[in-house]
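# A look at the structure
So the chains spell out like this:
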Amino acid sequence: MPSILHCMDCAQQYPIQRVIYTCEVCGGLLDVKHDFGGERISRQLFDGRLGGLDAPFASGVWRYKELVYPGIGDRSIVSGMEGNTNLYPLPRAAAYAGVDAIYLKHEGENPTGSFKDRGMTTGVTQAKALGMTRVACASTGNTSASMASYAARADMQGIIFLQDQQIALGKLAQGIAFGATCLQINADFDRNMELVQLVSERLGIYVLNSVNPFRLEGQKSIMFEALQQLRWRTPDWIVVPGGNLGNSSAFGKGLLEMYEVGLIDRLPRLAIVQAEGANPLYRHFRAGFKNFEPVKAETIATAIKIGNPVNLQKAIRALEWTSGVVEEVSDQQIMDAKAVIDSAGIGCEPASACSLAGTKKLVERGVIKRGDSVLGVLTGHVLKDPEATIGYHADRLEGIAPSYRNQMLQAADDIEAIVKLLS
Ligand code: F0G
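Remember, predicted model here, so these are calculated numbers, not experimental data. Numbers given for residues are sequential positions, taken from 1 along each chain in its written order. Whole-chain, interface and lining totals are the exception, using all residues; otherwise, since this is a predicted model, local features are given only for residues with pLDDT of at least 70 and side-chain atom pairs are given and counted only at 80 or more. Side-chain numbers come from the whole structure's heavy atoms, not from hydrogens or water.

## A short note on the overall build of the protein
Strands here are runs of E lasting at least two residues and helices are runs of H or I lasting at least four, both read from the DSSP assignment and numbered beginning at the N terminus. Along the backbone of the protein there are 16 helices and 13 strands. Computed over the C-alpha atoms, the radius of gyration of the protein is 21 Å, within 12% of the 22 Å expected from 2.2 N^0.38 for a compact globule of 423 residues. Burial classes: relative accessible area under 20% of the type maximum marks a residue as buried, over 50% as exposed, and values in between as partly exposed (1.4 Å probe, protein chains only). In the protein, buried positions account for 60% of the 423 residues. The long-range share in the protein, meaning contacts at least 24 apart out of those at least 6 apart in sequence, stands at 69%. Here the accessible surface of atoms and residues is derived via Shrake-Rupley with a 1.4 Å probe, and residues count as covered only by protein chains that are part of the display. Here the protein displays about 17,100 Å² of accessible surface, and carbon together with sulfur accounts for 50% of that area. Measuring between centres, the 42 positive side-chain charges of the protein sit 3 Å from its 45 negative side-chain charges. Here the globule rule reads 2.2 Å times residues to the power 0.38, and the radius of gyration is calculated from C-alpha atoms. Between two residues, a contact is recorded if the distance between any of their heavy atoms is within 4.5 Å. We score Asp and Glu as negative and Lys and Arg as positive, and we do not count His or the chain ends. Note on charges: their place is set at NZ of Lys, CZ of Arg, CG of Asp or CD of Glu.

## Comments concerning the sheet that holds strand 7 (residues 157-163)
Any two strands between which DSSP finds at least two bridges are classified as paired. The 4 strands are arranged 8-7-6-9 in an open sheet whose pairing can be described as parallel. Each edge of the sheet is formed by a strand with only one pairing partner; in this case those strands are strand 8 (181-185) and strand 9 (206-207). Lines fitted to the C-alpha atoms define the axes, with helices restricted to the stretch that makes contact. Angles between their N-to-C directions range from 0 to 180 degrees. Across the sheet, helix 5 (residues 142-153) is in contact with strand 6 (134-139) and strand 7; its angle to strand 6 comes to roughly 165 degrees.

## Examining the site of the ligand
We call a residue near a molecule or strand as soon as one heavy atom of that residue lies within 4 Å of the molecule or strand. Among the 19 residues in the neighbourhood of the ligand, the closest are listed as Ser139, Thr143, Gly243, Leu245 and Thr379. In protein, a polar contact requires one atom able to donate a hydrogen and another able to accept it; more generally it is a pair of N or O atoms within 3.5 Å, and residues adjacent in sequence count only if both atoms are side-chain atoms. Contact between the ligand and Thr140: an oxygen atom at 2.8 Å from a main-chain N or O atom of the residue. Residue Gly246 places a main-chain N or O atom 3.0 Å away from an oxygen atom belonging to the ligand. Considering only residue class, the shell around the ligand consists of 6 nonpolar, 11 polar and 2 charged. Residues are sorted three ways: Asp, Glu, Lys and Arg are charged, Ala, Val, Leu, Ile, Met, Phe, Trp, Tyr, Cys and Pro are nonpolar, and all the rest, Gly among them, are polar.

## What about the sheet that holds strand 10 (residues 237-241)?
Here we have 6 strands laid out as an open sheet, ordered 4-5-13-10-11-12, and mixed in their pairing. Of all strands in the sheet, those bounded by a partner on one side alone are strand 4 (87-89) and strand 12 (325-329). On average, adjacent strands in this sheet sit at an angle of 25 degrees to one another, irrespective of strand direction. Helix-sheet contacts for helix 10 (residues 246-260) involve strand 10, strand 11 (269-275) and strand 13 (374-378), and the interaxial angle to strand 10 is about 155 degrees. Along the sheet, helix 13 (residues 331-343) makes contact with strand 5 (102-106), strand 11, strand 12 and strand 13, crossing strand 12 at roughly 90 degrees.

## Describing the packing of aromatic side chains
Within 6.5 Å between ring centres, the rings of Phe, Tyr and Trp (the latter by its six-membered ring) count as paired, and their orientation is classed by plane angle as stacked under 30 degrees, edge-to-face over 60, tilted in between. Per the counting criterion, the structure on display carries 6 aromatic pairs. One aromatic cluster in this structure is built from Phe46, Tyr64 and Phe224. Both a distance and an angle decide whether a charge sits over a ring: NZ of Lys or CZ of Arg must be within 6 Å of the ring centre and within 35 degrees of the ring normal. Sitting over the ring of Phe57, Arg49 keeps its end group 3.7 Å from the ring centre. Across the ring face of Tyr150, the terminal group of Arg153 is positioned such that the distance to the ring centre comes to 4.9 Å.

## Things to note about the domain arrangement of the protein
Residue ranges assigned to the domains are those given by an automatic or database domain assignment. Looking at the assigned domains, one finds that the protein contains domain 1 (1-34) and domain 2 (87-113 + 215-393). The distance between the C-alpha centroids of domain 1 and domain 2 comes to 27 Å. Counting residues at the interface gives 6 residues for domain 1 and 8 residues for domain 2. A quick way to say it: buried area is the sum, across both parts, of accessible area lost when two parts are put together, with a 1.4 Å probe. With both sides pooled, the region where domain 1 packs onto domain 2 buries about 600 Å², and carbon together with sulfur makes up 56% of that total. The largest contributions to the domain 1 side of the interface with domain 2 come from Met8, Leu29 and Asp31, which together make up 67% of the buried area.

## Considering unusual backbone geometry
Here Ala55 and Pro56 are connected by a cis peptide whose omega angle stands at 0 degrees. With respect to the helices and strands, the residue Pro56 is situated in the loop between helix 1 (43-48) and helix 2 (65-68). One non-glycine residue with positive phi stands out, namely Trp232, at about 65 degrees. With respect to the secondary-structure elements, Trp232 resides in the loop between helix 9 (221-229) and strand 10. Relative accessible area serves as the criterion here: at 5%, Trp232 is assigned to the buried category. Positioned with a positive phi, Phe289 is a non-glycine residue whose angle comes to about 60 degrees. When you line up the elements, Phe289 lands in the loop between helix 11 (280-286) and helix 12 (312-321).

## Structural notes on the packing of helix 4 (residues 116-129) against helix 5
Here helix 4 crosses helix 5 at 45 degrees, and the two axes come no closer than 9 Å. Our classification of the angle between helix 4 and helix 5 gives oblique. Crossing handedness for the pair helix 4 and helix 5: right-handed. Here helix 4 contributes Lys116, Asp117, Met120, Thr121 and Val124 to the contact with helix 5, which in turn contributes Asn142, Thr143, Ser146, Met147 and Tyr150. Partitioned by chemical class, the residues of the contact of helix 4 with helix 5 number 4 nonpolar, 4 polar and 2 charged. Roughly parallel covers angles under 35 degrees, roughly antiparallel covers those over 145, roughly perpendicular covers 65 to 115, and oblique covers all other angles. What makes a crossing left-handed is the near helix being turned counterclockwise from the far one by less than a right angle; a clockwise turn instead makes it right-handed.

## Examining the environment of Leu263
Position of Leu263 among the secondary structure elements: in the loop between helix 10 and strand 11. For Leu263, the contacting residues outside a window of four places in its chain are Ile41, Ser42, Arg43, Phe46, Leu67, Trp232 and Met258.

## With respect to helix 4
The terminal C-alpha atoms of helix 4 lie 20 Å apart, and with 14 residues this matches the ideal 20 Å at 1.5 Å per residue to within 8%. Of all 14 residues in helix 4, 12 are buried; the element is thus mostly enclosed. Every buried residue of helix 4 is accounted for by Lys116, Asp117, Arg118, Gly119, Met120, Thr121, Thr122, Gly123, Val124, Thr125, Gln126 and Ala127. Directly after helix 4, the chain includes Gly131, whose backbone phi takes a positive value near 80 degrees. Multiplying 1.5 Å by the residue count of a helix minus one yields the expected span of that helix.

## Concerning the state of the cysteines
By disulfide we mean two sulfur atoms from cysteines, separated by a distance within 2.5 Å. Counting across every chain of the model gives 0 disulfides. No disulfide involves Cys137; its nearest neighbouring cysteine sulfur is the one of Cys182, lying 9.7 Å away. Among the residues examined, Cys137 registers a relative accessible area of 0% and is labelled buried. For the unlinked cysteine Cys354, the closest cysteine sulfur is that of Cys348, found at 9.3 Å.

## Comments concerning the pairing of strand 13
The side chains of a regular strand alternate, first on one face of the sheet and then on the other. Most of strand 13 is tucked away: 5 of the 5 residues are buried. The side-chain alternation of strand 13 yields two buried faces, one formed by Val374, Gly376 and Leu378 and the other by Leu375 and Val377. When strand 5 meets strand 13, the two strands line up parallel, connected through 5 bridges. Paired with His106 across the bridge in strand 13 is Leu378. The pairing of strand 10 with strand 13 spans 3 bridges and is parallel.

Shown next as structure tokens:
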């Protein structure tokens, strides 16, 4: 049986050739559902592909093709050799969080510097299969950088809807450099998300935000690869930042599928971490998932400055499948945790540091135990947001104290003075 689109709420099905993002019957979110029955999925299959140099299996997404998009022809795949990111055991971060060991999977090591490339290779591959020539997204910056890159590779026009303020410089530069049509709009991410869907429907443009279920199929591979790097041993916790909740949703789906096909023998618990100023899922979780209310988002972690996440229902489902929890952290906690990760020589952008800041808070609250094994996901590269990093160390961020400051020194052009300063 080929893959199909399947409504998560009412189980209505649609062929994957349809350009559709939500259920026509009930408005629910759609999943891409594959038939794994006919596939020879095993640890040996994926282990055997490690170290290979040829497309598509050399990609850290397409290595798991049988779980990602089994029916697509290899030659139709638009790939930038994404994935293959490092999993760092980081004692400094573990000590900071109060656990014996933490592994940080650095998705900033993807081609455009964020995990979005994993979802964009599948999303743009589907766009090409559908014969699309124009693709669009609303973005806090990383999705747009990634989409611009993959659209360029596939000779498509990329159109990006950006808030006219607060997009990190590195991300804006990428969108422009990769040749996308960049629309700066006087609206926040949540409004841009509505606009891109309405405009795209009018003009027949393919939407590549994570409301597109093909995006999530690629992002599942973060879990496949991390678990393979752990020799298929399940950690106790997976900790991930939450914004539009695409990653959290993809992790839930990917983990459950791995369990169902027998690649892992138990499920880890998922911890989704939001910024205090952009915490709609956290509030909803605390209220027992009753009466969801969007928030007006504000945080230094601009990547997750999102108040009305499109994947809310899939993220709730992922929490239910994995006995998951939701935590919130302050901008101060985010920037301190970032400084700790940065000072280990690894580095990440502010939103990514939610993984470590959230682990620390969950340990303090007794939810994560000292001896638990924790895998945190670093979602974006340190160079994405240089203003936040320099602002912290220069003590120029309003309301944030640089607790882990690396202060810049000033010296005159004078050998004696420099020697004295360094002695
Ligand atoms: N971390 C980074 C660095 C991100 O760019 C994003 C999302 C997230 C975490 C949150 O992931 O949305 O799957 O919950 N950035 C999107 C963008 C919204 O437009 O680049 P999520």
